[in-house]
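# Per-entry structural report
Listed below are the residues making up each chain.
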Amino acid sequence: MLSVNEIFYSIQGESTFSGMPCVFIRLSGCNLRCHYCDTAYAYSKGRSMSVNQIIEQVSVYECPLVEITGGEPLLQKKTPRLAERLTALGYRVLVETNGTQNIDPLKDHAVCIMDIKCPGSGEHEKTDWSNIQKLHEHDQVKFVIGSRVDYEWAKEIVRKYRLQEKVEILFSPARPSMTNRELAELILQDRLHVRLQVQLHKWIWPHETEGR
Ligand code: SF4
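Residues numbered from 1 in each chain as written. Predicted model: local features only at pLDDT ≥ 70, side-chain atom pairs only at ≥ 80, totals over all residues.

Once that is clear, we can look at the overall build of the chain. Each helix and strand in the chain was counted, giving 5 helices and 9 strands. Scanning the chain from its N terminus toward the C terminus, one meets helices and strands in the order β-β-β-α-β-α-β-β-β-α-β-α-β-α. Computed over C-alpha atoms, the radius of gyration of the chain comes to 16 Å, within 12% of the 17 Å expected from 2.2 N^0.38 for 212 residues, which places it in the range of a compact globule. Of all 212 residues assigned to the chain, the portion counted as buried reaches 37%. Looking at the chain alone, contacts between residues at least 24 apart form 70% of all its contacts between residues at least 6 apart. (Helix = DSSP H or I, 4+ residues; strand = E, 2+ residues; numbered from the N terminus. Rg over C-alpha atoms; globule rule 2.2 N^0.38 Å. Buried ≥ 20, exposed ≤ 12 C-beta atoms within 10 Å, placed from the backbone. Contact = placed C-beta atoms within 7 Å.)

Here it is in structure tokens:
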């Protein structure tokens with residue numbers, strides 16, 4: 001069984017799939033407490049569901065794109081199995097993880113979006129850096145950047161781990177302390193080959209969190 005906070009249908013706001021309709025499976029529980037967290041409601045609240053029950057609920061939306069998120073989805077042992085089953089059924093599956101848990105069990109059953117926590121999160125020392133070697137070519141890494149310090153730190157991580165040679169890199173501003181424009185100008189100034197992402201869902205539904 002898995003503890004599920006919510007299953008909802010929305011527009012994918014991040015990653016290279018941004019803009020696409022997507023079914024989100026938000027699992028309960030997180031081992032981090034990022035300062036800017038907007039999904040604190042998922043820390044503990046959840047209902048117990050089997051993999052089959054989740055798949056049945058996902059199928060209602062007739063949508064080929066599914067994201068398993070949290071909280072931290074890899075805290076639950078059955079998450080890789082859920083990703084594997086969904087993939088076998090023909091869904092394109094994304095798993096967003098905070099990078100502190102071993103991503104190996106996902107194998108290549110899902111696109112892993114590893115959210116590498118910057119200093120501004122207050123949780124950047126918890127990343128399991130051995131995960132970098134386990135990323136597949138189709139995976140993505142994401143940095144939420146709230147300050148110049150975060151930006152310089154993220155730039156150094158990209159350089160140190162040669163991420164540009166491995167995966168798609170996403171830079172996301174943590175508004176309001178970093179605006180889209182500020183981050184865009186920094187990226188251009190430094191000639192970084194990274195993708196600016198603006199968290200599209202927050203522009204469409206600026207005052208909503210749950211179910212978005
Ligand atoms: S990892 Fe995600 S869910 Fe967990 S505290 Fe950080 S932002 Fe919130």
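That was the structure; now back to the text.
Taken together, Cys30, Leu32, Arg33, Cys34, Cys37, Thr39, Gly70, Gly71, Glu72 and Asn98 make up the full set of residues near the ligand. The residue makeup of the shell around the ligand, split by class, is 4 nonpolar, 4 polar and 2 charged. (Near = placed C-beta within 6 Å. Nonpolar A, V, L, I, M, F, W, Y, C, P; charged D, E, K, R; others polar.)

The strand order across the open sheet formed by 9 strands is β3-β1-β2-β4-β5-β6-β7-β8-β9, and the pairing between neighbours is mixed. Two strands close off the open sheet at either side, each with one partner strand: β3 (47-49) and β9 (195-196). One ladder, built from 4 bridges, connects strand β2 (residues 21-27) with strand β4 (residues 65-69); its direction is parallel. Paired with phenylalanine 24 across the strands is glutamate 67, a residue of β4. Its contacts with the sheet put helix α4 (residues 180-189) on β7 (140-145), β8 (168-173) and β9, and the angle it makes with β8 is roughly 140°. (Pairing = 2+ DSSP bridges. Axes fitted to C-alpha atoms, helices over the stretch in contact; angles between N-to-C directions.)

Close contact between helix α1 (residues 51-59) and helix α2 (residues 79-88) brings their axes to 10 Å; oriented N to C, the two are set at 45°. Considered as vectors, α1 and α2 are oriented oblique to each other. Helix-helix and strand crossings are classified by hand; for α1 and α2 the assignment is right-handed. In contact with Val51, Ile54 and Ile55 of α1, α2 contributes Arg81, Leu82, Arg85 and Leu86. (Parallel < 35°, antiparallel > 145°, perpendicular 65-115°, else oblique. Left-handed = near helix turned anticlockwise from the far one by under 90°.)

Let's shift gears to the pairing of strand β1 (residues 2-11). Taken together, the 3 bridges between β1 and β3 define a ladder with antiparallel strand orientation. Directly across from leucine 2, in β3, lies its bridge partner methionine 49.

What follows is about the environment of serine 130. Note on placement: serine 130 falls in the loop between β6 (111-115) and β7. What makes serine 130 exposed here is the crowd of 10 C-beta atoms within 10 Å. As for serine 130 and asparagine 102, which are separated by 28 residues in sequence, their C-alpha atoms are 8.2 Å apart.

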